[in-house]
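Overview (structure and organization)
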Amino acid sequence: MRAVEDVVGSECDVDWGNGRSRRILVQADKLGFGLTETYVQPGSESYLRYDNHQEVCYCVSGSGSVESDDGVFELRPGMLYAPGMGEPHVLRSQHGMTLMCVFSPALHGSETHLLTPGVHSSY
């Protein structure tokens, strides 16, 4: 059993560049997937790409959008997005949002992005 509060202040409580990611389940848990609670800060734009992980993100609060080669899609509570492995995408939020994200395989826990406008960050 683990609560998000157990992760706060640990090496799995990561400033990922445009918000905070609390890695609740990580590779060391040996489940084959990871779970994060990720806050996206207001006014942010993040160019992302996951070359080593499949990712699914479910919006639990706030709003934003994700842009890929398929278009721009609005995100609000109850919606999810799942970019393909290696698929470049841009995550934006005007007012902030919280996402629950599943990664397969799981993250180690301390990964962070090097965010540069127009350059897709990957780990």
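Cut-offs used in this document
- Residues numbered from 1 in each chain as written.
- Predicted model: local features only at pLDDT ≥ 70, side-chain atom pairs only at ≥ 80, totals over all residues.
- Heavy atoms only, no water.
- Helix = DSSP H or I, 4+ residues; strand = E, 2+ residues; numbered from the N terminus.
- Rg over C-alpha atoms; globule rule 2.2 N^0.38 Å.
- Buried < 20%, exposed > 50% of the residue type's maximum accessible area, 1.4 Å probe, protein only.
- Areas by Shrake-Rupley, 256 points an atom, 1.4 Å probe, with all protein chains shown as cover.
- Core = buried A, V, L, I, M, F, W, Y, C linked by side-chain atoms within 4.5 Å.
- Contact = heavy atoms within 4.5 Å.
- Pairing = 2+ DSSP bridges.
- Axes fitted to C-alpha atoms, helices over the stretch in contact; angles between N-to-C directions.

Broken down by element type, the chain carries 1 helix and 10 strands. Helices and strands appear in the chain in the N-to-C order α-β-β-β-β-β-β-β-β-β-β. Here the C-alpha radius of gyration of the chain, 13 Å, is about what a compact globule of 123 residues would show, namely 14 Å. For the chain, the C-alpha atoms occupy an extent of roughly 40 × 25 × 25 Å along the three principal directions. Looking at the chain residue by residue over its 123 residues, the buried ones come to 40%. Carbon and sulfur atoms provide 53% of the accessible area of the chain, an area that totals close to 6,500 Å².

Across soluble globular proteins, you tend to see nonpolar side chains buried next to one another. Judged by nonpolar contacts, the single largest core of 16 residues is most densely connected at Val-40, Leu-75, Tyr-81, Leu-91, Met-97 and Leu-99. Sorting the residues of this core by element identifies β5 (54–62) and β10 (97–104) as the ones contributing at least two each. Ranked by the residues each element gives to this core, the list is headed by β10, at 4 residues. Sequence-distant contacts of Tyr-81, that is, excluding residues within four places in its chain, are made with Glu-55, Val-56, Cys-57, Val-66, Leu-75, His-89, Leu-91 and Leu-99.

Right, let's get into the sheet that holds strand β6 (residues 64–68). By definition, the strands of a sheet pair up through backbone hydrogen bonds, in either a parallel or an antiparallel sense. Taken in spatial order, the 4 strands of this open sheet run β4-β9-β6-β7, and their pairing is antiparallel. Single-partner strands in this sheet number two, and they are β4 (44–48) and β7 (71–75). Each adjacent strand pair in this sheet contributes to an overall mean axis angle of 20 degrees, direction not counted. Looking at chain direction, β6 and strand β9 (residues 89–93) are connected through 3 bridges and run antiparallel. Bridge pairing in β9 places Glu-67 opposite Val-90.

As a further point, take the sheet that holds β10. Spatial strand order, β1-β2-β3-β10-β5-β8: 6 strands in an open sheet with antiparallel pairing. Two strands lie at the open edges of the sheet, namely β1 (13–15) and β8 (80–81), each paired on one side alone. Where strand β3 (residues 34–40) lies against β10, 7 bridges are found, and the strand directions are antiparallel. Of the residues in β10, the one forming a bridge with Leu-35 is Val-102.

Remark: a regular strand shows side chains that alternate across the two faces of the sheet. Extensive coverage of β4 is indicated by the burial of 4 of its 5 residues. Pairing between β4 and β9: 5 bridges, direction antiparallel. Looking across to β9, one finds that Ser-46 is bridged to Leu-91.

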